[in-house]
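So you can see what is in the structure, the chains are spelled out below.
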Amino acid sequence: MFSSTEMLQASRGKIPAKLVLKNAVVLNVFTKEWLTQDVAVWDGRIIGVGRYEGREEIDLTGKYLVPGFFDAHVHIESSMLTPAAFAAEILPFGTTTILADPHELANVSGEKGIRWLLEEIKRLPLNGYVMLPSCVPATELDDSGARLEAEDLLPLREDTSVLGLGEFMNVSGVCAGEEKALAKLRAFQDRVIDGHAPGLVGKDLQAYLLAGVSTDHECSEPEEALEQLRSGMNLMIRRGSGAKNGETLISTLLDSRVSAERVCFCTDDKHVEDIRREGHISSNIREAIHLGMDPAEAYAMASFNAARMYGLSHLGAIGSGYQADLVVLDDLEEVSVDSVYWKGKLVSRKGERPAVGKRTVPGFLLDTVQLRPVHREQLRLSCPDGATHVAQVIPHQILTRHRVCQVPCTAGEFQPDRHFQKVAVVERHRGTGRVGIGVVEGFFLHGAIASTVAHDSHNLIAVGDNDQDILLGIQALEKAGGGYCLARDGKLLEVLPLPVCGLLTQEPTEQVQRALANMKKLCVEMGMPEELDPFQTLSFLSLPVLPEIRITDRGVFDSVEYRYL
């Protein structure tokens, strides 16, 4: 990166820098030291750390200064906000760099959805990068709104915001050497390729790494994490709305005393209501420190480690030549953010959200819920001997347990109740009329909950203890053009419309937050355990690449044996 003569002179202390942040306790990520220093900035870059004079000086005595935070793997769509509104929410918490995987948009609207995000992300007051969706659809075993092969991704590869290939879910295809999977990997062999490999160990892990995959955010067990780290995988510690692996993985790192240099943080899928309540990557850092991690290590994981994983050599540190993405902290352990700088400019102070404006969403991202009418007969589930396959949800995880249970039946037909509930997944992209039915344990609802956010194909999914409320939810979401819905005793309790691909809204964030908070409260009143995020838990029930059992629009899928039951 070019440095002018003036910048070099200012770096040497011969002339004042344009901006100097003075007397802060600065994190040196290279040595993991905290040193009281000045940081000199010129045109968005750090030009020196030490003692400096500036045209503008800001005294940070008593405060800490750390590099801007990275979210190394995020689906913006899970916030339910447009990219601009999402940026306004996370900047006050110190996140200045995101690596977004738009595979939710892509599964609904294909290449057009990706191109829209690429244009939007360039307008954000943060560092926005994109990992291109690798598996659209996630597998050949369910039905999404689009299909992307290697030749479809190649034209997008050269966009300046694209760093590589997003989470490669088709682990079985990689290990088996399927040509379509390998073609995508070859097309990005000189870029970073993200993984998605829950439970992957042994020889299959070795093959996955050999194919070029270098990161994984799905790790959830101690021995699994250690084997992946020892094999050279970069790991992400995730704190989203539904999936949280921080306590297990941080404790594993501390107990085993292995290096955390190849570990960073991500949110993956996080609702705006949770971001406002606990923060963004700041909440990952806080959790790590509270679990006993050295603060210097935790802040490096949130910045420098992620920058190195993705080859972003100009980001992630407070040192000469690095971009001036800086977070001023009042409290180190609680990650209390005073102010945030991006490219040397103040973008948030005392929690203020930057003004980002509102842009028109193109028509091709609207009216994406195309249903053939669903009738009660299509919701029937035959159980001749009273036993069937059941997906048991696990609190704070997106995995399920596969059980075979005796369930309530009348005349050989499943009758849902508060314990064993019915799941209906309706194809909503092409109006095929396909409906898959299964049984889930763990929601304990009286009534029904429905959503068009259903990873990764984003068909319409509903769970409930009676067919009437399930049908009511399906009909309400068709009318709304997508979103979230609650129904009980034949009445709609609340609908949150998400008309952009059935995933996002353009409505004010405060309105979305209030509606979501109220719907979560209603879910608890309907019987759902407080420790479960209702919509995140629901949204992953149909993703066939996650163990152990899923329900798609084609039926009940054993994702361990990789077959429909």
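Just so it is clear, the model here is predicted, and its values are computed rather than measured.

A closer look at the UniProt feature "domain: Adenine deaminase C-terminal" (unreviewed entry) in the protein chain
Thinking step 1. Per the UniProt record, the feature "domain: Adenine deaminase C-terminal" (unreviewed entry) sits at residues 397-560.
Thinking step 2. End C-alpha to end C-alpha, residues 397-560 measures 17 Å, and it is 23% helix and 34% strand.

What to know about the sheet that holds strand β26 (residues 491-497)
Thinking step 1. Reading across from one edge, β18-β17-β22-β21-β24-β23-β25-β26 is the order of the eight strands in this open sheet, with mixed pairing throughout. The sheet is open, and its two edges are formed by β18 (400-406) and β26, each paired on a single side. Between one strand and the next, the sheet's axes are offset by a mean angle of 25 degrees, whatever the strand orientation.
Thinking step 2. The pairing of strand β21 (residues 420-426) with strand β22 (residues 435-441) spans seven bridges and is antiparallel. Bridge pairing links F420 to E441 in β22.
Thinking step 3. On top of the sheet, helix α15 (residues 509-525) reaches β23 (448-451), β25 (483-488) and β26; it is set at about 145 degrees to β26, its chief contact.

Topic: the nonpolar core
Thinking step 1. If you look at the biggest cluster of nonpolar residues, it comprises 145 residues, and the most contacted ones within it are L65, I285 and Y299.
Thinking step 2. Per-element accounting of this core gives the leading share, eight residues, to helix α3 (residues 103-121).
Thinking step 3. In this structure, this core is formed jointly by two domains, domain 1 (68-312) and domain 2 (366-564), each of which donates at least three residues.
Thinking step 4. What Y299 contacts, discounting residues up to four positions off in sequence, is L27, W34, V66, F69, I285, I289, L329, D331, L332 and V335.

Points about the environment of L472
Thinking step 1. When you line up the elements, L472 lands in helix α14 (residues 467-480).
Thinking step 2. Setting aside chain neighbours within four positions, we find L472 in contact with A487, G490, K491 and L492.

Observations regarding α3
Thinking step 1. For α3, built from 19 residues, the straight-helix expectation of 27 Å at 1.5 Å per residue is missed by more than 12%, its first-to-last C-alpha distance being only 15 Å.
Thinking step 2. Of all the bends in α3, the greatest measures close to 140 degrees and is centred on S109.
Thinking step 3. Burial analysis of α3 places 15 of its 19 residues in the buried class, the great majority of the element.

As for the packing of helix α4 (residues 150-157) against helix α6 (residues 179-187)
Thinking step 1. For the pair α4 and α6, interaxial distance at closest approach is 9 Å and the crossing angle is 15 degrees. Relative to α6, the element α4 lies roughly parallel. Read as a crossing pair, α4 and α6 show a hand that is right-handed. Together, A150, L153, L154 and R157 of α4 and A183, K184 and A187 of α6 make up the contact between the two elements.

Side note on the UniProt feature "domain: Amidohydrolase-related" (unreviewed entry) in the protein chain
Thinking step 1. Annotation from UniProt places "domain: Amidohydrolase-related" (unreviewed entry) at residues 64-347.
Thinking step 2. The span residues 64-347 is 38% helical and 21% strand by assignment, and the distance between its end C-alpha atoms comes to 17 Å.

Details of the pairing of strand β28 (residues 555-558)
Side chains on a regular strand alternate between the two faces of the sheet.
Thinking step 1. Sheet topology places strand β27 (residues 549-552) next to β28; four bridges connect them, and they run antiparallel. For I551, the partnering residue across the bridge sits in β28 and is V556.
Thinking step 2. Taking the residues between adjacent antiparallel strands as the criterion, β27 and β28 are bridged by two residues.
Thinking step 3. The sheet contact formed by β28 and strand β29 (residues 563-564) spans two bridges and is antiparallel. Among the inter-strand pairings, F557 is bridged to a residue of β29, identified as Y564.
Thinking step 4. Connecting β28 to the antiparallel partner β29 that follows it, the hairpin turn spans four residues, and Y562 within it adopts a positive phi of roughly 55 degrees.

Observations regarding the packing of aromatic side chains
Thinking step 1. The final tally for this structure, using the stated rule, is eight aromatic pairs.
Thinking step 2. Taking 6.1 Å as the distance between ring centres and 90 degrees as the angle between the ring planes, the aromatic pair formed by W34 and Y299 counts as edge-to-face. Taken together, the residues span a long stretch of sequence, with W34 in strand β2 (residues 33-42) and Y299 in helix α12 (residues 295-301) at a distance of 265 residues.
Thinking step 3. For W34, a relative accessible area of 27% gives the class partly exposed.
Thinking step 4. Ring pairing ties together the aromatic residues W34, Y64, F69 and Y299, which thus form one cluster.
Thinking step 5. Taking NZ or CZ as reference, K112 lies 5.5 Å from the ring centre of F364, over its face.
Thinking step 6. The ring of F188 is capped by R157, whose NZ or CZ atom sits 5.7 Å from the centre of that ring.

With respect to the layout of surface pockets
Empty space among the atoms becomes apparent when a probe as large as a water molecule is rolled across them.
Thinking step 1. By volume, the largest pocket is sized at about 440 Å³.
Thinking step 2. In this structure, the largest pocket is lined by 28 residues; those nearest its centre are K244, R277, E530, E531 and D533.
Thinking step 3. Those elements that provide at least two residues to the lining of the largest pocket are α10 (272-278), α15 and α16 (534-539).
Thinking step 4. Partitioned by chemical class, the residues of the lining of the largest pocket number eight nonpolar, six polar and 14 charged.
Thinking step 5. Formed jointly, the lining of the largest pocket draws a minimum of three residues from each of two domains, domain 1 (68-312) and domain 2 (366-564).

Focus on unusual backbone geometry
Thinking step 1. Geometrically, the link from H455 to D456 is a cis peptide bond, its omega value of -10 degrees lying close to zero.
Thinking step 2. Locating D456 in the fold gives a position in the loop between β23 and β24 (460-464).
Thinking step 3. The linkage connecting P547 with the following residue, E548, adopts the cis geometry, with an omega of 0 degrees.
Thinking step 4. Relative to the helices and strands, E548 is located in the loop between α16 and β27.
Thinking step 5. Backbone geometry at Y562 places phi at a positive 55 degrees, although glycine is not the residue there.
Thinking step 6. Of note, Y562 is situated in the loop between β28 and β29.
Thinking step 7. The exposure class of Y562 is partly exposed, given its relative accessible area of 32%.

Quick notes on the sheet that holds β27
Thinking step 1. The three strands lie next to each other as β27-β28-β29, forming an open sheet whose pairing is antiparallel. In the strand order of this sheet, the two ends are held by β27 and β29, each with one partner.

Section: the domain arrangement of the protein chain
Thinking step 1. Domain boundaries assigned for the protein chain yield domain 1 (68-312) and domain 2 (366-564).
Thinking step 2. Look at where the C-alpha atoms of domain 1 and domain 2 centre, and you get two points 26 Å apart.
Thinking step 3. Taken together, the contact between domain 1 and domain 2 spans 43 residues of the former and 46 residues of the latter.
Thinking step 4. Taken together, the two surfaces of domain 1 and domain 2 that pack against each other cover about 3,700 Å², and 58% of this comes from carbon and sulfur.
Thinking step 5. The salt bridge involving R434 is made with D143; its shortest N-O contact spans 2.9 Å.
Thinking step 6. The tally of links between domain 1 and domain 2 comes to 19 residue pairs in polar contact (both at pLDDT 80 or more).
Thinking step 7. Where the side of domain 1 that touches domain 2 is concerned, the elements lending two or more residues are α2 (83-90), α3 and α10.
Thinking step 8. Looking at the side of domain 1 that touches domain 2, the element that brings in the most residues is α3, giving seven residues.
Thinking step 9. Among the residues forming the side of domain 1 that touches domain 2, the class breakdown is 14 nonpolar, 15 polar and 14 charged.

Each value, and the rule that gives it
Residues numbered from 1 in each chain as written. Predicted model: local features only at pLDDT ≥ 70, side-chain atom pairs only at ≥ 80, totals over all residues. Heavy atoms only, no water. UniProt positions renumbered as here; feature names shortened; annotations may be inferred. Helix = DSSP H or I, 4+ residues; strand = E, 2+ residues; numbered from the N terminus. Pairing = 2+ DSSP bridges. Axes fitted to C-alpha atoms, helices over the stretch in contact; angles between N-to-C directions. Contact = heavy atoms within 4.5 Å. Core = buried A, V, L, I, M, F, W, Y, C linked by side-chain atoms within 4.5 Å. Buried < 20%, exposed > 50% of the residue type's maximum accessible area, 1.4 Å probe, protein only. Domains from an automatic or database assignment. Expected span 1.5 Å × (residues − 1). Bend = angle between axes of the 7 residues up to and from the residue. Parallel < 35°, antiparallel > 145°, perpendicular 65-115°, else oblique. Left-handed = near helix turned anticlockwise from the far one by under 90°. Phe/Tyr/Trp six-rings, centres within 6.5 Å; stacked < 30°, edge-to-face > 60°. Lys NZ or Arg CZ within 6 Å of the ring centre and 35° of its normal. 1 Å grid on protein atoms, 1.4 Å probe; cavity = no way out; pocket = protein on both sides within 12 Å on 5 of 7 lines; lining within 4 Å. Points joined across faces, edges and corners; volume = space filled by probe spheres on them. Nonpolar A, V, L, I, M, F, W, Y, C, P; charged D, E, K, R; others polar. Buried area = accessible area lost by both parts, 1.4 Å probe. Salt bridge = Lys/Arg side-chain N within 4 Å of Asp/Glu carboxyl O. Polar contact = N/O pair within 3.5 Å; in protein donor to acceptor, adjacent residues only side chain to side chain.

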